[in-house]
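Observations on the model geometry
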Amino acid sequence: MVQPLSGQAIYVVLLRELKRYWRAKARIIASVAQSFFFLVIFGLGLGSFIGGFGGMNYLSYLGPGIIGMGLLFGSVFSGVSVIFDRQFGFMKEMLVAPVSRTSIILGKILGGAVTASIQGIILMTVAGLMGAFTPTPALAAGVLAAVGVMLLITAGFVGLGVTIGSALSDFHAFQLIATFVMWPLFMLSGVFFPIDMAPAPLQVAMLCDPMFYGVELLRWCLLGAGTPLLGPFGWLIALGVLAGFTAVMVGIGTYLFSRVQV
Amino acid sequence: MPVIEANNLTKRFGPLTAVDHVSFSVEEGEILGFLGPNGAGKTTTLNMLATLLRPTSGTATVNGHDILEESDAVRRSIGFVFQDPTLDIELTGHENLDFHGRLYGLKRDVRQQRIKEILKVVQLTDRADDLVKTYSGGMKRRLEIARGLLHYPKVLFLDEPTLGLDPQTRRAIWEHIQRLNQDENITIILTTHYTEEADYLCDRIQIIDFGKIVALDTPDKLKARLEGDIVSLVFKDSAAIPKIKPLLEKKGWVRRVDEVASDNNHAAMSRMMQAMRGMASGNMGGMMPSMSFGGAAGRSKIPKHMPQKIVQGIGGGNGENGRDGGQRRLNLLVDDGGHRIPEIVKLVDRTGAVLESVELHKPTLDDVFLSVTGRNIRDERGSFMETVRRYRIVREARGQHVRG
C-alpha cells in the first residue's frame with residue numbers, strides 16, 4: 001500500500017498545524033505554566049528536602065523530565081486532534097484533494113512534532129533561566145542535540161496520538177487516554193526519581209516506557225555526558241530504543257489513518 | 001463529449017442497495033440536479049463520482065478520467081462542496097483558500113491571483129482576513145463554494161447547497177451558482193430535496209428514489225408530463241375518499257387521481273420519531289394500546305402499517321391532532337381545471353361528503369415528484385419505516401467506506 005508522497009501537501013498540513021498552534025495562545029500559556037509550576041514547586045519545594053542525586057541539585061535532575069512532560073502531553077494531544085478534524089469536517093476537505101493520505105498524515109505528524117518541540121524549547125529556556133543547567137561551552141552543543149531529541153520524541157508520540165485518534169470515533173474517551181496512557185508514561189519516565197532507587201517491579205515498568213529513554217537522552221544532552229544518573233544503558237542504546245519506538249508509532253499511525261472512516 | 005458519464009453505478013451497503021444501476025451523462029456547461037428525498041442515494045452517487053466511495057459495480061468517467069483507475073485526475077477535475085461544513089474555522093477565509101490552493105498544487109502567484117478573484121465573486125473580499133468562526137452561515141457557504149472553484153474544476157459538485165439557509169441567502173447562493181455556470185462555463189451537479197431549487201437552477205433534473213433514477217428531463221418537460229391543472233380537494237373526513245375516488249376516475253377529463261397525505265407532515269414525523277423512541281426504550285405507556293410488539297405475543301415482525309397507527313394513536317390520545325389521522329386530500333390532474341370545479345363540487349355533494357377546501361394550481365415539480373414516485377417529496381409517511389431504515393443505513397455506511 002505504497003502511496004505517492006507530495007512535499008507540497010506535507011508542507012501545507014504542517015503549516016496549518018503551526019498556524020493553529022500559534023493562534024491558540026491560551027493553550028501555549030496554560031501548558032507552559034503547568035510545567036513551570038512543576039519546576040518551581042517540585043524543583044524548589046521537594047528539592048529543598050531531597051537536596052539532589054549524586055551531587056546534582058534536584059532542579060537540575062527534574063528539568064529534563066519536566067521538558068519531557070511538555071513534549072509528551074503536547075504531542076499526544078496533537079495526534080489525537082485528528083478526531084477534531086473529523087468531527088468538524090475539515091478532514092473531508094483534505095481527503096477529497098488529489099494527494100495521498102500518507103502525505104496528509106506525515107504533514108500532521110511533522111506539524112505536531114514541531115509544535116510540541118517549540119513547547120519543549122520554551123520549557124528548556126525557562127528551566128535554564130531558573131538555573132537548572134550549568135552554562136558551559138558544551139551546553140550549547142547539548143541544547144542543539146536536545147532539540148533533535150525533542151523532535152524524535154514528539155514524532156513518536158504524535159504517532160501514538162494518531163493511532164489512538166484513528167481508533168476512537170469521538171472525543172469522550174479522551175479522559176481515559178489521559179489517565180491510563182499519558183500519566184503513566186509521564187510518571188514512569190524517571191522524571192522524579194532515578195531508576196536505581198525504585199523497587200524492581202517499578203524498574204521493569206520504567207524500562208518499558210519509551211518516554212524513559214527520551215528523558216534519559218534529554219538529561220544526557222543538557223546535563224553533560226559525565227552525569228552519573230543515566231540508567232543502565234548508555235546514550236546510544238537509549239537513542240536506538242527511542243528511534244525504534246518513533247519509527248513503529250509513525251508506521252502504525254500512518255497505517256491506521258489510511259484506513260480511518262470519515 | 002459529455003463531462004460525466006455514469007454507467008450502471010451501483011452501491012450496496014450490506015443488504016441495502018443505496019444506488020441501483022444508475023446511468024446518465026452530463027454535458028459540458030450543464031446544471032444537472034439530483035432531486036429526491038433524504039436517503040434516496042443522491043450523496044452516495046456524488047461520493048462515488050468524486051472517488052470518495054468505491055462503487056460495488058459499474059463505473060463512470062469524469063472529464064474523461066475513470067473513477068476507478070485515475071482517482072487523482074478525477075479529483076483534480078472536480079470541486080466538491082459538501083453537505084456538512086468542512087472549513088477550518090480557526091483559520092481566516094483567505095487561509096482556508098490558500099490551504100486549498102496549495103493542496104491542489106497551485107503556484108504562489110496563480111494562487112494569490114485566483115484567491116483575489118474568487119473572493120470578489122462570492123463577495124467576501126473585505127472579510128477575507130477574519131477568522132471563519134466569525135462568519136454567518138451564508139458567508140461560510142459562499143466561502144466553501146469559492147474554495148471548491150479555486151482550482152478551476154471542470155465540474156462542481158454541490159451537495160444540498162442551500163440546506164438550512166434562510167430564503168434570502170438561498171436566493172443569493174442560487175444567483176452565484178447561475179453566474180458561475182454562465183460566466184465561467186462550469187458544469188454543475190447538485191443534489192437537493194427542494195423542488196423549487198431544482199426548478200430554478202437546473203437545466204435538467206434527475207429524480208432519484210430508492211437508489212433508482214425514475215425520471216430525467218428538463219424542468220419544463222417534466223412539468224409538461226402533467227398537462228392540465230391540479231385541482232386539490234381537501235375533505236373534512238378521510239372516510240369520504242374511497243367513495244369519491246372511483247367516481248372521479250371514471251370521468252374522461254380527469255387524467256389522474258392521487259391520494260396525498262395531509263399537510264402537517266413535519267409535525268407528524270416528529271411525533272412518529274417520539275413514538276419510535278418510546279418504543280425503543282420499552283416505554284410505550286398508553287400511547288398505542290392497540291399494538292403489541294416483541295416476543296411476548298410471538299410477533300417479532302413490526303406491522304407494516306405501524307406509522308399510520310402510531311399517528312392515529314397519538315393523535316387520538318391527546319385529542320388535538322386527531323385530524324392528521326388519515327389521508328384527506330385528493331389531487332386531480334384535470335384539463336381546464338378552473339371550469340371543472342363546479343362539476344367536481346356537485347359530484348362530491350351528491351355523495352354526501354363534506355369538502356373543506358378546493359385549490360387550483362399549475363403543476364409544480366412537487367406534483368411531478370408525486371406522480372413519478374407515488375409519494376410526496378416531503379412526505380415520509382407512506383413508507384416511513386423503509387425511509388428511516390434506509391436513511392440510517394446510508395448515514396452509517398457513508399462514514400465507513402470513504403476512500404482516501
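Structural data are supplied above this passage.
Let me begin by describing the structure that accompanies this report. Model, not experiment: these values are computed from the prediction. (Residues numbered from 1 in each chain as written. Chains lettered and ligands numbered in written order. Predicted model: local features only at pLDDT ≥ 70, side-chain atom pairs only at ≥ 80, totals over all residues.)

**Re the interface of chain B and chain A**
Contacts between the two partners involve 24 residues from chain B and, on the opposite side, 20 residues from chain A. By residue number, the principal contributor to the side of chain B that touches chain A is helix α3 (residues 93-103) of chain B, which donates four residues. Of the residues that constitute the side of chain B that touches chain A, the class distribution is eleven nonpolar, five polar and eight charged. (Contact = placed C-beta atoms within 7 Å. Helix = DSSP H or I, 4+ residues; strand = E, 2+ residues; numbered from the N terminus. Nonpolar A, V, L, I, M, F, W, Y, C, P; charged D, E, K, R; others polar.)

**Considerations on the sheet that holds strand β13 (residues 329-334) of chain B**
Residues and elements named next belong to chain B. The sheet built from four strands is open, its strands ordered β12-β13-β11-β14 with antiparallel pairing. Two strands close off the open sheet at either side, each with one partner strand: β12 (254-260) and β14 (355-361). Between one strand axis and the next, the sheet turns through 20° on average, direction left out of account. Strands in contact with helix α9 (residues 241-250) are β11 (229-235), β12 and β13; relative to β12, the strand with the most contacts, it is inclined by about 165°. Relative to β12, helix α13 (residues 365-373) is tilted by about 90°, and along the sheet it contacts β11, β12 and β13. (Pairing = 2+ DSSP bridges. Axes fitted to C-alpha atoms, helices over the stretch in contact; angles between N-to-C directions.)

**Considering unusual backbone geometry**
All names here are of chain B. Not every positive phi belongs to a glycine, and Thr-51 is a case in point at roughly 65°. Position of Thr-51 among the secondary structure elements: in the loop between α1 (42-49) and β4 (57-62). Phi is positive for Asn-185, which is not a glycine, with a value near 55°. Inspection of the secondary structure puts Asn-185 in the loop between α6 (167-184) and β8 (187-192).

**Observations regarding helix α10 (residues 210-223) of chain A**
Given a rise of 1.5 Å per residue, 14 residues ought to cover 20 Å, and the 20 Å separating the end C-alpha atoms of α10(A) matches this to within 8%. One or two residues past the end of α10(A) sits Gly224(A), with phi positive at roughly 100°. (Expected span 1.5 Å × (residues − 1).)

**Concerning the environment of Val114(A)**
Residues and elements named next belong to chain A. Examined against the element boundaries, Val-114 turns out to sit in helix α6 (residues 101-129). For Val-114, a count of 20 C-beta atoms within 10 Å corresponds to the buried category. Sequence separation of Val-114 and Leu-160 is 46 residues, and the distance between their C-alpha atoms is 15 Å. Excluding its chain neighbours within four sequence positions, the residues that come into contact with Val-114 are Leu-14 and Leu-18. (Buried ≥ 20, exposed ≤ 12 C-beta atoms within 10 Å, placed from the backbone.)

**Examining helix α5 (residues 137-149) of chain B**
Residues and elements named next belong to chain B. Look at α5: 19 Å from first C-alpha to last across 13 residues, which is about the 18 Å you get at 1.5 Å a residue. For α5, a buried count of ten out of 13 residues is recorded, marking the element as mostly surrounded by other parts of the structure. Restricting attention to buried positions, one finds in α5 the residues Lys-140, Arg-141, Arg-142, Leu-143, Glu-144, Ile-145, Ala-146, Arg-147, Gly-148 and Leu-149. The secondary structure elements touched by the buried residues of α5 are β6 (78-81), α3, α4 (108-121), β7 (155-159) and α6.

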